[in-house]
Amino acid sequence: MNSTTFLMFIATLFSSLLCPLFQPWFNHLPNELSKHISMDSHSITRASTDFGRMHRNVPAAVFRPPSTNSISAFVKLSYESLEPFPITARGHAHSLHGQAQAGNGVVVEMMSLNSGAINHENANSFGCSSEEKCYLDVGGGELWIDVLRKTLKHGLAPLGGTLSNGGISGQSFRHGPQISNVLELDVITGKGETLTCSRMNNSELFSAALGGLGQFGIITRARITLEKAPKMVRWVRLLYSDFSFFTRDQEFLISSHGGDKENEGFDYVEGFVMMADKNDGNSNWRSSSFQFPHYIATNNTILYCLELCKYYNDRSAKHHVDEEVDALMSELHYVPGMMASKDVTYMAFLNRVRHGEIKLRSRGLWNVPHPWLCLFVPASRILEFHDVVFKGILSRNNTSGPLLVYPMKRSRWDDRMSAVVPNEEVFYSVGLLRSAVYDWEFYEEQNREIFKACERRKLGVKMYLPYYTEESEWRRHFGAKWSVFLERKLRFDPRGILGTGQRIFPFPLLTSYLKTTALI
(Lines give C-alpha, C1' and ligand atoms only; values in the text may rest on other atoms or scores of the structure.)
Protein backbone atom coordinates (compact mmCIF):
# COMPACT_ATOMS: atom_id res chain seq x y z
CA MET A 1 0.00 0.00 0.00
CA ASN A 2 1.57 3.31 -1.08
CA SER A 3 1.46 6.45 1.04
CA THR A 4 -1.40 8.04 -0.89
CA THR A 5 -3.59 4.94 -0.60
CA PHE A 6 -2.76 4.64 3.10
CA LEU A 7 -3.75 8.25 3.78
CA MET A 8 -7.02 7.79 1.86
CA PHE A 9 -7.76 4.69 3.93
CA ILE A 10 -7.08 6.52 7.20
CA ALA A 11 -9.22 9.48 6.10
CA THR A 12 -12.10 7.16 5.20
CA LEU A 13 -11.82 5.26 8.49
CA PHE A 14 -11.70 8.49 10.48
CA SER A 15 -14.69 9.87 8.58
CA SER A 16 -16.73 6.71 9.07
CA LEU A 17 -16.11 6.78 12.83
CA LEU A 18 -17.05 10.42 13.26
CA CYS A 19 -19.94 10.66 10.77
CA PRO A 20 -22.70 9.74 13.28
CA LEU A 21 -21.49 12.54 15.56
CA PHE A 22 -21.88 15.21 12.90
CA GLN A 23 -25.12 14.10 11.20
CA PRO A 24 -28.13 15.51 13.06
CA TRP A 25 -30.52 13.54 10.88
CA PHE A 26 -29.08 10.27 12.18
CA ASN A 27 -30.65 10.80 15.60
CA HIS A 28 -34.09 11.21 14.02
CA LEU A 29 -34.09 7.96 12.07
CA PRO A 30 -36.79 5.49 13.09
CA ASN A 31 -35.45 2.06 13.95
CA GLU A 32 -36.87 0.45 10.80
CA LEU A 33 -34.57 2.71 8.79
CA SER A 34 -31.55 3.08 11.08
CA LYS A 35 -30.96 -0.66 11.24
CA HIS A 36 -30.29 -0.60 7.50
CA ILE A 37 -27.70 2.19 7.75
CA SER A 38 -24.01 1.26 7.45
CA MET A 39 -21.14 3.52 8.45
CA ASP A 40 -18.30 1.00 8.59
CA SER A 41 -15.11 1.75 6.71
CA HIS A 42 -15.65 -0.98 4.10
CA SER A 43 -19.12 0.30 3.14
CA ILE A 44 -17.97 3.92 3.11
CA THR A 45 -14.89 3.14 1.02
CA ARG A 46 -16.91 1.18 -1.53
CA ALA A 47 -19.51 3.95 -1.83
CA SER A 48 -16.75 6.54 -2.30
CA THR A 49 -15.62 5.10 -5.63
CA ASP A 50 -17.11 4.30 -9.01
CA PHE A 51 -16.13 2.75 -12.34
CA GLY A 52 -14.27 5.89 -13.36
CA ARG A 53 -11.92 5.62 -10.33
CA MET A 54 -10.89 9.26 -10.74
CA HIS A 55 -13.09 11.02 -8.20
CA ARG A 56 -13.69 10.19 -4.57
CA ASN A 57 -16.42 11.70 -2.40
CA VAL A 58 -16.91 10.22 1.05
CA PRO A 59 -20.56 9.75 2.11
CA ALA A 60 -21.73 9.97 5.70
CA ALA A 61 -23.53 6.64 5.40
CA VAL A 62 -24.75 3.87 3.13
CA PHE A 63 -28.41 2.90 3.17
CA ARG A 64 -29.33 -0.64 2.13
CA PRO A 65 -33.11 -0.46 1.70
CA PRO A 66 -35.21 -3.55 2.38
CA SER A 67 -38.02 -2.17 0.20
CA THR A 68 -38.87 0.71 -2.10
CA ASN A 69 -41.15 2.11 0.62
CA SER A 70 -38.12 2.49 2.86
CA ILE A 71 -36.37 4.57 0.17
CA SER A 72 -39.41 6.81 -0.03
CA ALA A 73 -39.43 7.25 3.76
CA PHE A 74 -35.71 8.01 3.78
CA VAL A 75 -35.97 10.66 1.06
CA LYS A 76 -38.98 12.21 2.79
CA LEU A 77 -36.97 12.43 6.02
CA SER A 78 -34.32 14.51 4.27
CA TYR A 79 -36.89 16.64 2.46
CA GLU A 80 -38.72 17.53 5.67
CA SER A 81 -35.56 18.06 7.74
CA LEU A 82 -34.40 21.52 8.80
CA GLU A 83 -30.99 20.44 7.48
CA PRO A 84 -31.58 18.22 4.43
CA PHE A 85 -28.85 15.79 3.39
CA PRO A 86 -27.96 14.67 -0.15
CA ILE A 87 -29.08 11.25 -1.34
CA THR A 88 -27.75 9.39 -4.36
CA ALA A 89 -29.03 6.09 -5.71
CA ARG A 90 -26.23 3.69 -6.62
CA GLY A 91 -26.71 0.67 -8.84
CA HIS A 92 -23.46 -0.83 -10.08
CA ALA A 93 -21.63 2.52 -9.88
CA HIS A 94 -20.86 2.71 -13.60
CA SER A 95 -20.50 6.48 -13.37
CA LEU A 96 -17.19 8.03 -14.43
CA HIS A 97 -16.80 11.27 -12.46
CA GLY A 98 -18.38 10.60 -9.10
CA GLN A 99 -21.99 11.00 -10.25
CA ALA A 100 -23.02 7.95 -8.19
CA GLN A 101 -21.43 9.37 -5.04
CA ALA A 102 -22.88 11.57 -2.30
CA GLY A 103 -20.24 13.56 -0.47
CA ASN A 104 -21.24 13.89 3.21
CA GLY A 105 -24.63 12.45 2.30
CA VAL A 106 -26.19 9.02 1.94
CA VAL A 107 -25.66 6.50 -0.86
CA VAL A 108 -28.64 4.21 -1.43
CA GLU A 109 -27.48 0.75 -2.52
CA MET A 110 -30.20 -0.22 -4.98
CA MET A 111 -28.85 -3.76 -5.38
CA SER A 112 -29.84 -4.54 -1.80
CA LEU A 113 -33.48 -4.73 -2.86
CA ASN A 114 -33.81 -8.47 -2.39
CA SER A 115 -30.35 -9.05 -3.92
CA GLY A 116 -31.55 -8.16 -7.38
CA ALA A 117 -34.20 -5.64 -8.27
CA ILE A 118 -35.69 -7.95 -10.87
CA ASN A 119 -37.17 -9.99 -8.02
CA HIS A 120 -38.30 -7.31 -5.60
CA GLU A 121 -41.88 -6.37 -4.91
CA ASN A 122 -42.25 -3.88 -7.76
CA ALA A 123 -40.35 -5.75 -10.43
CA ASN A 124 -41.87 -9.13 -11.16
CA SER A 125 -44.35 -8.46 -13.94
CA PHE A 126 -43.98 -9.94 -17.39
CA GLY A 127 -46.65 -9.85 -20.04
CA CYS A 128 -47.78 -9.23 -23.57
CA SER A 129 -50.55 -6.97 -24.82
CA SER A 130 -53.20 -7.86 -27.35
CA GLU A 131 -50.97 -6.36 -30.03
CA GLU A 132 -48.33 -8.98 -29.11
CA LYS A 133 -46.06 -6.30 -27.69
CA CYS A 134 -44.35 -7.68 -24.64
CA TYR A 135 -42.87 -5.97 -21.61
CA LEU A 136 -40.96 -6.67 -18.43
CA ASP A 137 -40.86 -4.74 -15.16
CA VAL A 138 -37.30 -4.36 -13.86
CA GLY A 139 -35.92 -2.59 -10.83
CA GLY A 140 -33.45 0.25 -10.63
CA GLY A 141 -29.84 -0.91 -10.55
CA GLU A 142 -30.48 -4.21 -12.34
CA LEU A 143 -27.82 -5.30 -14.83
CA TRP A 144 -28.95 -5.55 -18.43
CA ILE A 145 -27.37 -8.99 -18.83
CA ASP A 146 -29.47 -10.31 -15.93
CA VAL A 147 -32.61 -8.95 -17.55
CA LEU A 148 -31.55 -10.57 -20.82
CA ARG A 149 -31.14 -14.00 -19.24
CA LYS A 150 -34.66 -13.76 -17.82
CA THR A 151 -36.31 -12.64 -21.05
CA LEU A 152 -34.48 -15.12 -23.30
CA LYS A 153 -36.38 -17.89 -21.51
CA HIS A 154 -39.45 -16.44 -23.23
CA GLY A 155 -37.69 -15.94 -26.58
CA LEU A 156 -37.56 -12.19 -26.03
CA ALA A 157 -34.88 -9.57 -25.48
CA PRO A 158 -34.72 -6.02 -24.06
CA LEU A 159 -33.16 -3.19 -26.02
CA GLY A 160 -30.83 -2.43 -23.12
CA GLY A 161 -29.28 0.73 -21.71
CA THR A 162 -29.15 3.24 -18.89
CA LEU A 163 -32.34 5.16 -18.14
CA SER A 164 -30.76 8.13 -16.37
CA ASN A 165 -28.44 8.85 -19.31
CA GLY A 166 -30.19 7.45 -22.37
CA GLY A 167 -28.85 3.99 -23.15
CA ILE A 168 -27.32 3.64 -26.61
CA SER A 169 -25.83 0.91 -28.80
CA GLY A 170 -25.27 -0.08 -32.40
CA GLN A 171 -28.99 -0.77 -32.85
CA SER A 172 -30.14 2.65 -31.62
CA PHE A 173 -30.46 3.85 -35.23
CA ARG A 174 -33.36 1.42 -35.60
CA HIS A 175 -34.99 1.30 -32.15
CA GLY A 176 -33.78 4.52 -30.57
CA PRO A 177 -32.10 4.70 -27.15
CA GLN A 178 -33.35 2.71 -24.18
CA ILE A 179 -35.29 5.71 -22.88
CA SER A 180 -37.41 5.62 -26.05
CA ASN A 181 -38.44 2.06 -25.22
CA VAL A 182 -39.82 2.55 -21.73
CA LEU A 183 -43.56 2.25 -21.15
CA GLU A 184 -43.85 3.14 -17.47
CA LEU A 185 -41.80 4.10 -14.42
CA ASP A 186 -42.10 4.11 -10.66
CA VAL A 187 -40.19 7.14 -9.40
CA ILE A 188 -39.50 8.41 -5.88
CA THR A 189 -39.25 12.18 -6.16
CA GLY A 190 -37.10 14.49 -4.06
CA LYS A 191 -40.14 15.01 -1.82
CA GLY A 192 -40.33 11.31 -0.99
CA GLU A 193 -43.44 10.76 -3.10
CA THR A 194 -43.73 7.51 -5.05
CA LEU A 195 -45.40 8.13 -8.39
CA THR A 196 -46.17 5.83 -11.29
CA CYS A 197 -45.69 7.68 -14.54
CA SER A 198 -45.92 7.12 -18.28
CA ARG A 199 -46.54 9.14 -21.43
CA MET A 200 -50.20 9.40 -20.38
CA ASN A 201 -49.94 9.55 -16.59
CA ASN A 202 -47.68 12.01 -14.75
CA SER A 203 -46.06 12.58 -18.12
CA GLU A 204 -43.92 15.51 -16.96
CA LEU A 205 -42.10 13.34 -14.42
CA PHE A 206 -41.82 10.52 -16.96
CA SER A 207 -40.09 12.79 -19.46
CA ALA A 208 -37.94 14.41 -16.78
CA ALA A 209 -36.62 11.17 -15.29
CA LEU A 210 -35.67 9.57 -18.62
CA GLY A 211 -32.25 10.96 -19.44
CA GLY A 212 -32.56 13.20 -16.37
CA LEU A 213 -29.19 12.33 -14.79
CA GLY A 214 -30.87 11.36 -11.53
CA GLN A 215 -32.02 14.93 -10.85
CA PHE A 216 -35.76 14.40 -10.45
CA GLY A 217 -36.23 11.10 -8.71
CA ILE A 218 -35.00 7.61 -7.97
CA ILE A 219 -36.27 5.10 -10.52
CA THR A 220 -37.34 1.95 -8.66
CA ARG A 221 -39.19 0.22 -11.49
CA ALA A 222 -39.17 0.49 -15.26
CA ARG A 223 -41.53 -1.28 -17.62
CA ILE A 224 -39.46 -1.84 -20.75
CA THR A 225 -40.52 -3.11 -24.14
CA LEU A 226 -39.22 -6.41 -25.42
CA GLU A 227 -38.63 -7.69 -28.92
CA LYS A 228 -38.44 -11.20 -30.26
CA ALA A 229 -34.95 -12.51 -29.68
CA PRO A 230 -33.25 -14.00 -32.72
CA LYS A 231 -31.44 -17.30 -32.41
CA MET A 232 -28.53 -16.53 -34.71
CA VAL A 233 -26.41 -13.57 -35.82
CA ARG A 234 -24.46 -13.03 -39.03
CA TRP A 235 -21.53 -11.05 -37.63
CA VAL A 236 -19.56 -9.09 -40.21
CA ARG A 237 -16.48 -6.91 -39.91
CA LEU A 238 -15.14 -4.67 -42.66
CA LEU A 239 -11.87 -2.79 -42.73
CA TYR A 240 -11.51 0.76 -44.07
CA SER A 241 -8.51 3.00 -44.67
CA ASP A 242 -10.58 6.05 -45.67
CA PHE A 243 -12.69 7.74 -42.98
CA SER A 244 -15.02 9.42 -45.47
CA PHE A 245 -15.94 6.04 -46.99
CA PHE A 246 -16.27 4.62 -43.48
CA THR A 247 -18.85 7.22 -42.42
CA ARG A 248 -20.58 7.38 -45.80
CA ASP A 249 -21.23 3.64 -45.69
CA GLN A 250 -22.54 3.80 -42.13
CA GLU A 251 -25.00 6.54 -43.07
CA PHE A 252 -26.09 4.52 -46.10
CA LEU A 253 -26.72 1.45 -43.92
CA ILE A 254 -28.97 3.30 -41.46
CA SER A 255 -30.90 5.03 -44.27
CA SER A 256 -34.01 3.72 -45.97
CA HIS A 257 -31.83 2.67 -48.90
CA GLY A 258 -29.61 0.64 -46.61
CA GLY A 259 -32.50 -1.13 -44.94
CA ASP A 260 -33.79 1.04 -42.11
CA LYS A 261 -37.06 -0.84 -42.16
CA GLU A 262 -38.21 -3.73 -40.04
CA ASN A 263 -36.59 -7.01 -41.15
CA GLU A 264 -34.53 -5.24 -43.80
CA GLY A 265 -30.85 -4.41 -43.80
CA PHE A 266 -28.51 -4.86 -40.87
CA ASP A 267 -29.85 -4.84 -37.33
CA TYR A 268 -26.67 -3.58 -35.73
CA VAL A 269 -24.22 -0.99 -37.09
CA GLU A 270 -21.18 0.10 -35.09
CA GLY A 271 -17.82 1.45 -36.14
CA PHE A 272 -14.56 1.85 -34.31
CA VAL A 273 -11.19 3.43 -34.92
CA MET A 274 -7.89 1.57 -34.67
CA MET A 275 -4.81 3.57 -33.81
CA ALA A 276 -1.40 1.89 -33.70
CA ASP A 277 0.77 2.14 -30.60
CA LYS A 278 3.95 3.95 -31.55
CA ASN A 279 5.98 1.92 -29.06
CA ASP A 280 5.11 -1.72 -29.74
CA GLY A 281 2.91 -1.65 -32.84
CA ASN A 282 -0.20 -2.92 -31.06
CA SER A 283 -3.44 -1.14 -31.76
CA ASN A 284 -6.51 -0.52 -29.63
CA TRP A 285 -8.27 -3.17 -31.68
CA ARG A 286 -11.41 -4.38 -29.94
CA SER A 287 -11.32 -8.06 -30.84
CA SER A 288 -13.75 -10.52 -29.31
CA SER A 289 -13.06 -13.64 -31.31
CA PHE A 290 -11.93 -12.78 -34.83
CA GLN A 291 -9.98 -10.07 -36.57
CA PHE A 292 -7.95 -9.17 -39.64
CA PRO A 293 -4.27 -10.06 -40.02
CA HIS A 294 -2.23 -8.16 -37.45
CA TYR A 295 0.14 -6.63 -39.97
CA ILE A 296 -2.65 -4.51 -41.45
CA ALA A 297 -3.20 -2.76 -38.12
CA THR A 298 0.53 -2.06 -37.77
CA ASN A 299 1.20 -0.75 -41.27
CA ASN A 300 -1.20 2.16 -41.01
CA THR A 301 -1.44 5.03 -38.57
CA ILE A 302 -5.24 4.89 -38.41
CA LEU A 303 -7.67 2.28 -39.70
CA TYR A 304 -11.43 1.95 -39.29
CA CYS A 305 -13.55 -1.12 -38.72
CA LEU A 306 -17.26 -1.45 -39.33
CA GLU A 307 -19.10 -4.09 -37.31
CA LEU A 308 -22.44 -5.23 -38.72
CA CYS A 309 -25.00 -7.80 -37.64
CA LYS A 310 -27.95 -9.41 -39.30
CA TYR A 311 -30.27 -11.37 -37.02
CA TYR A 312 -32.07 -14.54 -38.10
CA ASN A 313 -33.76 -17.53 -36.52
CA ASP A 314 -33.03 -20.82 -38.27
CA ARG A 315 -30.98 -22.45 -40.97
CA SER A 316 -33.81 -22.11 -43.49
CA ALA A 317 -33.31 -18.32 -43.32
CA LYS A 318 -29.55 -18.56 -43.84
CA HIS A 319 -29.79 -18.53 -47.63
CA HIS A 320 -31.88 -15.35 -47.55
CA VAL A 321 -29.38 -13.77 -45.17
CA ASP A 322 -26.55 -14.68 -47.55
CA GLU A 323 -28.30 -12.95 -50.43
CA GLU A 324 -29.19 -9.81 -48.46
CA VAL A 325 -25.73 -9.41 -46.97
CA ASP A 326 -24.05 -9.94 -50.34
CA ALA A 327 -26.31 -7.31 -51.93
CA LEU A 328 -25.48 -4.77 -49.23
CA MET A 329 -21.75 -5.56 -49.38
CA SER A 330 -21.72 -4.66 -53.07
CA GLU A 331 -22.75 -1.11 -52.14
CA LEU A 332 -19.95 -0.56 -49.62
CA HIS A 333 -16.42 0.86 -50.01
CA TYR A 334 -14.23 -1.13 -47.62
CA VAL A 335 -10.70 -2.24 -48.46
CA PRO A 336 -11.04 -5.03 -51.08
CA GLY A 337 -10.76 -8.45 -49.50
CA MET A 338 -10.87 -7.07 -45.96
CA MET A 339 -14.14 -8.63 -44.84
CA ALA A 340 -14.56 -11.23 -42.13
CA SER A 341 -17.85 -12.85 -41.14
CA LYS A 342 -19.13 -15.69 -39.01
CA ASP A 343 -22.40 -17.01 -37.71
CA VAL A 344 -22.80 -17.11 -33.93
CA THR A 345 -25.64 -17.48 -31.49
CA TYR A 346 -27.38 -14.33 -30.36
CA MET A 347 -26.14 -14.83 -26.80
CA ALA A 348 -22.55 -15.32 -28.01
CA PHE A 349 -22.69 -11.99 -29.83
CA LEU A 350 -24.08 -10.18 -26.81
CA ASN A 351 -21.43 -11.75 -24.59
CA ARG A 352 -18.61 -10.24 -26.67
CA VAL A 353 -18.55 -7.29 -24.24
CA ARG A 354 -18.06 -9.69 -21.34
CA HIS A 355 -15.17 -11.29 -23.21
CA GLY A 356 -13.68 -7.84 -23.67
CA GLU A 357 -13.97 -7.24 -19.93
CA ILE A 358 -12.18 -10.52 -19.18
CA LYS A 359 -9.40 -9.53 -21.58
CA LEU A 360 -8.97 -6.16 -19.90
CA ARG A 361 -8.97 -7.77 -16.47
CA SER A 362 -6.23 -10.15 -17.57
CA ARG A 363 -4.13 -7.17 -18.66
CA GLY A 364 -4.77 -5.28 -15.43
CA LEU A 365 -6.81 -2.65 -17.28
CA TRP A 366 -10.23 -3.08 -15.63
CA ASN A 367 -9.94 -1.90 -12.02
CA VAL A 368 -8.07 1.19 -13.11
CA PRO A 369 -9.14 4.78 -13.88
CA HIS A 370 -11.36 5.14 -16.94
CA PRO A 371 -10.99 8.65 -18.37
CA TRP A 372 -13.74 8.19 -20.94
CA LEU A 373 -15.11 10.89 -23.18
CA CYS A 374 -18.42 10.28 -24.95
CA LEU A 375 -19.71 12.81 -27.46
CA PHE A 376 -22.55 13.21 -29.93
CA VAL A 377 -21.22 14.81 -33.13
CA PRO A 378 -23.45 16.12 -35.97
CA ALA A 379 -22.94 14.10 -39.16
CA SER A 380 -22.20 17.29 -41.12
CA ARG A 381 -19.13 17.91 -38.92
CA ILE A 382 -17.83 14.38 -38.40
CA LEU A 383 -15.06 14.69 -41.01
CA GLU A 384 -13.78 17.87 -39.38
CA PHE A 385 -14.00 16.18 -35.98
CA HIS A 386 -11.92 13.30 -37.33
CA ASP A 387 -9.18 15.60 -38.58
CA VAL A 388 -9.06 17.61 -35.36
CA VAL A 389 -9.29 14.71 -32.91
CA PHE A 390 -8.15 11.41 -34.43
CA LYS A 391 -5.57 12.75 -36.88
CA GLY A 392 -4.64 15.65 -34.61
CA ILE A 393 -4.93 15.49 -30.84
CA LEU A 394 -5.02 11.70 -30.38
CA SER A 395 -2.30 10.95 -32.93
CA ARG A 396 0.30 12.71 -30.79
CA ASN A 397 0.12 10.10 -28.03
CA ASN A 398 -0.64 6.42 -27.57
CA THR A 399 -4.12 5.45 -26.52
CA SER A 400 -5.60 2.37 -24.84
CA GLY A 401 -9.19 1.27 -25.17
CA PRO A 402 -11.92 1.17 -27.82
CA LEU A 403 -12.64 4.28 -29.90
CA LEU A 404 -16.23 3.97 -31.11
CA VAL A 405 -17.81 5.93 -33.96
CA TYR A 406 -21.34 5.06 -35.11
CA PRO A 407 -24.45 6.95 -36.30
CA MET A 408 -27.90 7.45 -34.83
CA LYS A 409 -31.07 9.28 -35.77
CA ARG A 410 -32.54 12.20 -33.88
CA SER A 411 -36.07 11.16 -34.91
CA ARG A 412 -35.68 8.04 -32.77
CA TRP A 413 -35.31 10.23 -29.65
CA ASP A 414 -38.21 11.83 -27.80
CA ASP A 415 -37.41 15.52 -27.50
CA ARG A 416 -39.70 15.88 -24.46
CA MET A 417 -37.20 13.87 -22.42
CA SER A 418 -34.26 15.43 -20.60
CA ALA A 419 -31.55 13.87 -22.79
CA VAL A 420 -29.81 16.27 -25.18
CA VAL A 421 -28.67 15.46 -28.73
CA PRO A 422 -27.38 17.58 -31.68
CA ASN A 423 -29.78 19.47 -33.90
CA GLU A 424 -29.33 17.24 -36.95
CA GLU A 425 -31.25 14.14 -38.00
CA VAL A 426 -28.09 12.02 -38.22
CA PHE A 427 -25.39 12.35 -35.60
CA TYR A 428 -22.54 10.16 -34.43
CA SER A 429 -21.83 8.67 -31.05
CA VAL A 430 -18.09 8.97 -30.48
CA GLY A 431 -16.80 7.08 -27.46
CA LEU A 432 -13.18 7.34 -26.37
CA LEU A 433 -13.30 4.46 -23.89
CA ARG A 434 -9.77 4.59 -22.58
CA SER A 435 -8.09 2.96 -19.60
CA ALA A 436 -5.20 4.53 -17.68
CA VAL A 437 -2.97 2.63 -15.30
CA TYR A 438 -0.83 5.58 -14.21
CA ASP A 439 -1.64 8.84 -15.98
CA TRP A 440 -5.41 9.34 -15.97
CA GLU A 441 -4.89 13.05 -15.33
CA PHE A 442 -3.16 13.32 -18.71
CA TYR A 443 -6.13 11.70 -20.47
CA GLU A 444 -8.61 13.89 -18.63
CA GLU A 445 -6.66 16.96 -19.71
CA GLN A 446 -6.65 15.61 -23.26
CA ASN A 447 -10.43 15.12 -23.06
CA ARG A 448 -10.80 18.77 -22.04
CA GLU A 449 -8.57 19.77 -24.96
CA ILE A 450 -10.77 17.78 -27.35
CA PHE A 451 -13.99 19.29 -26.05
CA LYS A 452 -12.59 22.83 -26.11
CA ALA A 453 -11.36 22.30 -29.67
CA CYS A 454 -14.87 21.24 -30.69
CA GLU A 455 -16.37 24.30 -29.02
CA ARG A 456 -13.87 26.67 -30.65
CA ARG A 457 -14.80 25.29 -34.05
CA LYS A 458 -18.51 25.34 -33.14
CA LEU A 459 -18.97 21.72 -34.21
CA GLY A 460 -22.25 21.49 -32.30
CA VAL A 461 -21.20 18.49 -30.21
CA LYS A 462 -23.08 17.38 -27.12
CA MET A 463 -21.56 15.39 -24.30
CA TYR A 464 -23.10 12.00 -23.53
CA LEU A 465 -22.54 10.98 -19.88
CA PRO A 466 -21.96 14.72 -19.32
CA TYR A 467 -19.61 16.09 -16.72
CA TYR A 468 -19.22 19.81 -16.13
CA THR A 469 -18.08 21.87 -13.19
CA GLU A 470 -19.63 25.25 -13.99
CA GLU A 471 -23.29 26.22 -14.14
CA SER A 472 -22.67 28.11 -17.39
CA GLU A 473 -21.42 24.88 -18.97
CA TRP A 474 -24.59 23.06 -17.97
CA ARG A 475 -26.69 25.87 -19.44
CA ARG A 476 -24.84 25.54 -22.76
CA HIS A 477 -25.22 21.78 -22.64
CA PHE A 478 -29.00 21.84 -22.24
CA GLY A 479 -29.50 24.86 -24.48
CA ALA A 480 -33.21 25.46 -25.07
CA LYS A 481 -34.04 22.70 -22.56
CA TRP A 482 -32.35 24.48 -19.65
CA SER A 483 -35.40 26.44 -18.49
CA VAL A 484 -37.56 23.29 -18.58
CA PHE A 485 -34.86 21.39 -16.70
CA LEU A 486 -34.90 24.06 -13.98
CA GLU A 487 -38.68 24.07 -13.73
CA ARG A 488 -38.73 20.31 -13.35
CA LYS A 489 -36.06 20.44 -10.67
CA LEU A 490 -38.09 22.98 -8.70
CA ARG A 491 -41.19 20.81 -9.04
CA PHE A 492 -39.80 17.34 -8.30
CA ASP A 493 -36.72 18.00 -6.13
CA PRO A 494 -37.09 21.54 -4.79
CA ARG A 495 -34.42 21.16 -2.09
CA GLY A 496 -31.84 19.65 -4.44
CA ILE A 497 -31.50 16.45 -2.41
CA LEU A 498 -30.99 14.05 -5.32
CA GLY A 499 -28.14 13.56 -7.75
CA THR A 500 -25.69 15.99 -6.16
CA GLY A 501 -22.79 14.03 -7.64
CA GLN A 502 -23.67 15.48 -11.04
CA ARG A 503 -22.72 18.95 -9.74
CA ILE A 504 -25.48 20.63 -11.73
CA PHE A 505 -27.02 22.53 -8.83
CA PRO A 506 -25.63 23.77 -5.51
CA PHE A 507 -26.67 21.98 -2.34
CA PRO A 508 -28.86 22.77 -0.54
CA LEU A 509 -30.91 24.11 -3.40
CA LEU A 510 -32.81 27.30 -2.68
CA THR A 511 -35.96 28.22 -4.56
CA SER A 512 -34.65 31.77 -4.90
CA TYR A 513 -31.57 30.42 -6.69
CA LEU A 514 -33.66 28.47 -9.19
CA LYS A 515 -35.93 31.42 -9.97
CA THR A 516 -32.97 33.78 -10.37
CA THR A 517 -31.03 31.34 -12.55
CA ALA A 518 -34.04 30.70 -14.78
CA LEU A 519 -34.05 34.37 -15.71
CA ILE A 520 -30.37 34.47 -16.71
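What you are looking at is a predicted structure, and each value in this text was computed from that prediction instead of being measured.

### Digging into the confidence of the model for the protein chain
Residues of the protein chain with pLDDT of at least 70 account for 83%, and the chain-wide mean is 86. Predicted confidence for residues 116–123 stays below pLDDT 50, and this span has 31 contacts to residues more than four positions away or in other chains.

### Section: the packing of aromatic side chains
Applying the stated rule across the entire model yields 26 aromatic pairs. Judged by centre distance (4.9 Å) and plane angle (75°), the rings of F216 and F485 are edge-to-face. One end of the pair, F216, is in the loop between α7 (203–209) and β10 (217–228); the other, F485, is in helix α16 (residues 482–492), and 269 residues separate them in sequence. Judged by its relative accessible area of 1%, F216 falls in the buried class. According to the relative accessible area criterion, F485 is buried, its value standing at 2%. Both rings, one in F485 and one in F505, keep their centres 6.1 Å apart while their planes meet at 15°; by these two values the pair is stacked. In this pair, F485 is assigned in helix α16 and F505 in the loop between α16 and α17 (511–518), connecting sequence segments 20 residues apart. When sorted by exposure, F485 lands in the same class as F505, which is buried. Feature note: the residues F216, F451, Y468, W474, F478, W482, F485 and F505 constitute an aromatic cluster, connected by ring pairs. The aromatic ring of F349 is capped on one face by R352, whose charged end is 4.0 Å from the ring centroid.

### Things to note about the pairing of strand β8 (residues 182–189)
Taken across its 8 residues, β8 has 6 buried, putting it largely inside the fold. In this structure, β8 lies alongside β10, joined through 7 bridges in antiparallel fashion. Bridging across to β10, E184 finds its partner in R223. In terms of strand pairing, β8 meets strand β9 (residues 194–198) through 5 bridges, oriented antiparallel. The residue bridging E184 from the neighbouring strand is S198, located in β9. The turn joining β8 and β9, which pair antiparallel and follow one another in sequence, is formed by 4 residues; a positive phi near 90° is taken by G192.

### Quick look at the pairing of strand β16 (residues 403–409)
In terms of burial, β16 is a largely internal element, 7 of the 7 residues being buried. Residues of β16 alternate between two faces, with L403, V405, P407 and K409 on one and L404, Y406 and M408 on the opposite face, all of them buried. Here strand β12 (residues 268–275) runs beside β16; their pairing, made up of 3 bridges, is antiparallel. If you follow G271 over to β16, its bridge partner there is V405. Here β16 pairs with strand β17 (residues 426–432) via 7 bridges, running antiparallel. Paired with V405 across the strands is V430, a residue of β17.

### Observations regarding the packing of helix α13 (residues 382–393) against helix α14 (residues 440–456)
One can describe the packing of α13 onto α14 by two numbers: an axis separation of 10 Å at closest approach and a directional angle of 155°. The pairing of α13 with α14 is recorded here as roughly antiparallel in orientation. Crossing geometry of α13 relative to α14 is assigned as right-handed. Facing F385, V388, V389 and I393 of α13, the residues of α14 in contact are Q446, E449, I450, A453 and C454.

### Here we look at the sheet that holds strand β1 (residues 37–38)
If you walk across this open sheet you meet the 4 strands as β1-β2-β4-β3, and the pairing is mixed. Two strands lie at the open edges of the sheet, namely β1 and β3 (87–90), each paired on one side alone. As paired strands, strand β2 (residues 61–63) and strand β4 (residues 106–109) are joined by 3 bridges and run parallel to one another. For F63, the partnering residue across the bridge sits in β4 and is V108.

### Things to note about the nonpolar core
Counting residues in each nonpolar core, the largest one holds 97 residues, and the members touching the most others are L185, L308, F385 and F390. Ranked by the residues each element gives to this core, the list is headed by strand β13 (residues 302–312), at 7 residues. Excluding anything up to four places from it in sequence, F390 contacts V273, M275, I302, F385, S395, L403, V405, V430 and L432. By size, the runner-up hydrophobic cluster in this structure holds 22 residues, among which are F74, V106, V108 and L113.

Reading guide: rules and limits
- Residues numbered from 1 in each chain as written.
- Predicted model: local features only at pLDDT ≥ 70, side-chain atom pairs only at ≥ 80, totals over all residues.
- Heavy atoms only, no water.
- pLDDT = per-residue confidence, 0-100.
- Contact = heavy atoms within 4.5 Å.
- Phe/Tyr/Trp six-rings, centres within 6.5 Å; stacked < 30°, edge-to-face > 60°.
- Helix = DSSP H or I, 4+ residues; strand = E, 2+ residues; numbered from the N terminus.
- Buried < 20%, exposed > 50% of the residue type's maximum accessible area, 1.4 Å probe, protein only.
- Lys NZ or Arg CZ within 6 Å of the ring centre and 35° of its normal.
- Pairing = 2+ DSSP bridges.
- Axes fitted to C-alpha atoms, helices over the stretch in contact; angles between N-to-C directions.
- Parallel < 35°, antiparallel > 145°, perpendicular 65-115°, else oblique.
- Left-handed = near helix turned anticlockwise from the far one by under 90°.
- Core = buried A, V, L, I, M, F, W, Y, C linked by side-chain atoms within 4.5 Å.

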